[in-house]
Amino acid sequence: DVKVTQSSRYLVKRTGEKVFLECVQDMDHENMFWYRQDPGLGLRLIYFSYDVKMKEKGDIPEGYSVSREKKERFSLILESASTNQTSMYLCASRLPGQGSFGRDQPQHFGDGTRLSIL
Amino acid sequence: AQSVTQLGSHVSVSEGALVLLRCNYSSSVPPYLFWYVQYPNQGLQLLLKYTSAATLVKGINGFEAEFKKSETSFHLTKPSAHMSDAAEYFCAVSQNYGGSQGNLIFGKGTKLSVKP
């Protein structure tokens, strides 16, 4: 089974802090994703990475950055945390698929990090 | 633009009753479709996926979904609900254009409650 591990289940930080959320997958997947999940808004894509050192903006990248130095690890960084970034953050990974841009491949999710910014 | 609409943010059924969760999608090309389940304080778990091999797709935990192109629907069903099915369910379509091709577009989710 694919295992996607997020380093913290719950995290409390203060406004203005730099916050790091870590995600590790054990299945050698090329593609990795960061989402935030808010009630009534569903899942929204923050950033994704097709491979090591590669990153692409998702739908809501403002206030976030990412790092992918190793294939198995994808980090989400809140440069200067604000209260409106209080949310559930979900990491996912996926195989790239064969000639379909990964469209046929399911994403595998971690258990999430519930982040509170005070 | 592609989209996914899940009708009903909350659905309540009695234990043993049929579960029907509705999902409609928009896509200009044959879609790849997924259903995920999220239990409280957990991540999303894949229930099933449609990748054009068969219109009726069987998934885990007794769930299945039927792809209907004419109705642009991919509704999720289970003949008999269990208390353990109480969770939030998400339908998703794979994006088929632009730089984000292959990324998932999620519906807003349907919370399923199961009454004893």
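Read on for an overview of the structure.

The rules behind the values
- Residues numbered from 1 in each chain as written.
- Chains lettered and ligands numbered in written order.
- Predicted model: local features only at pLDDT ≥ 70, side-chain atom pairs only at ≥ 80, totals over all residues.
- Heavy atoms only, no water.
- Helix = DSSP H or I, 4+ residues; strand = E, 2+ residues; numbered from the N terminus.
- Buried < 20%, exposed > 50% of the residue type's maximum accessible area, 1.4 Å probe, protein only.
- Contact = heavy atoms within 4.5 Å.
- Areas by Shrake-Rupley, 256 points an atom, 1.4 Å probe, with all protein chains shown as cover.
- Lys, Arg positive; Asp, Glu negative; His and termini not counted.
- Charge placed at Lys NZ, Arg CZ, Asp CG, Glu CD.
- Buried area = accessible area lost by both parts, 1.4 Å probe.
- Salt bridge = Lys/Arg side-chain N within 4 Å of Asp/Glu carboxyl O.
- Polar contact = N/O pair within 3.5 Å; in protein donor to acceptor, adjacent residues only side chain to side chain.
- Nonpolar A, V, L, I, M, F, W, Y, C, P; charged D, E, K, R; others polar.

**Thoughts on the overall build of chain B**
Argument step 1. Helix and strand counts for chain B stand at 0 helices and 11 strands.
Argument step 2. Counting helices and strands in the order they occur from the N terminus, chain B gives β-β-β-β-β-β-β-β-β-β-β.
Argument step 3. Dimensions of chain B, computed from C-alpha atoms along their principal axes, come out at roughly 45 × 30 × 20 Å.
Argument step 4. Considering chain B as a whole, with its 116 residues, one finds that 47% of them fall into the buried category.
Argument step 5. For chain B, restricting intrachain contacts to residue pairs at least 6 apart in sequence, the fraction spanning at least 24 positions comes to 56%.
Argument step 6. Surface accessibility of chain B: about 5,300 Å² in total, with carbon and sulfur atoms responsible for 52%.
Argument step 7. Charged side chains in chain B number 9 positive and 6 negative. The centres of these two groups are separated by 5 Å.

**What about the interface of chain B and chain A?**
Argument step 1. Each partner contributes residues to the interface: chain B has 27 residues there, and chain A has 26 residues.
Argument step 2. When chain B packs against chain A, close to 2,000 Å² is buried across both sides, 51% of that on carbon and sulfur atoms.
Argument step 3. For the interface between chain B and chain A, the tally reads 0 salt bridges.
Argument step 4. Inspection of the chain B/chain A interface yields 3 residue pairs in polar contact (both at pLDDT 80 or more).
Argument step 5. Listed by contribution, the elements that provide at least two residues to the side of chain B that touches chain A are strand S4 (33–38), strand S5 (44–50), strand S9 (87–94) and strand S10 (104–106) of chain B.
Argument step 6. Classifying every residue of the side of chain B that touches chain A by side-chain character gives 11 nonpolar, 13 polar and 3 charged.

**So, the side chain of His75 of chain B**
All names here are of chain B.
Argument step 1. Mapping His75 onto the fold places it in strand S8 (residues 73–78).
Argument step 2. At 2.9 Å, the side chain of His75 and the backbone nitrogen of Cys23 are in polar contact.
Argument step 3. Apart from residues no more than four positions distant in its own chain, His75 is found in contact with Leu20, Leu21, Arg22, Cys23, Asn24, Trp35, Glu64, Ala65 and Glu66.

**As for the environment of Met83 of chain B**
Residues and elements named next belong to chain B.
Argument step 1. Inspection of the secondary structure assignment puts Met83 in the loop between S8 and S9.
Argument step 2. As a C-alpha pair, Met83 and Ser14 span 69 residues in sequence and 8.7 Å in three-dimensional space.
Argument step 3. With sequence-adjacent residues up to four places away left out, Met83 is seen in contact with Glu15, Val114, Lys115 and Pro116.

**Brief notes about unusual backbone geometry**
Argument step 1. Here Asp28 of chain A, not a glycine, exhibits a phi torsion of approximately 60°, which is positive.
Argument step 2. Assignment of secondary structure puts Asp28 of chain A in the loop between strand S3 (19–25) and strand S4 (31–38).

**Structural notes on the pattern of salt bridges**
Residues and elements named next belong to chain A.
Argument step 1. Counted by the stated rule, this structure contains 9 salt bridges over all chains.
Argument step 2. Between Arg44 and Asp38 there is a salt bridge; the shortest N-O distance is 2.8 Å.
Argument step 3. Look at Asp38 and you get buried, because its relative accessible area is 11%.
Argument step 4. Its salt-bridge partner being Lys53, residue Glu69 comes within 2.5 Å of it at the nearest N-O pair. Residue Glu69 is found in strand S7 (residues 64–70), and its partner Lys53 is found in the loop between strand S5 (42–49) and strand S6 (56–57); the two are separated by 16 residues along the sequence.
Argument step 5. Shared partners join several salt bridges into a network, and the residues in it are Asp28, Glu30 and Lys71.

None of this, on its own, says anything about what the molecule does.
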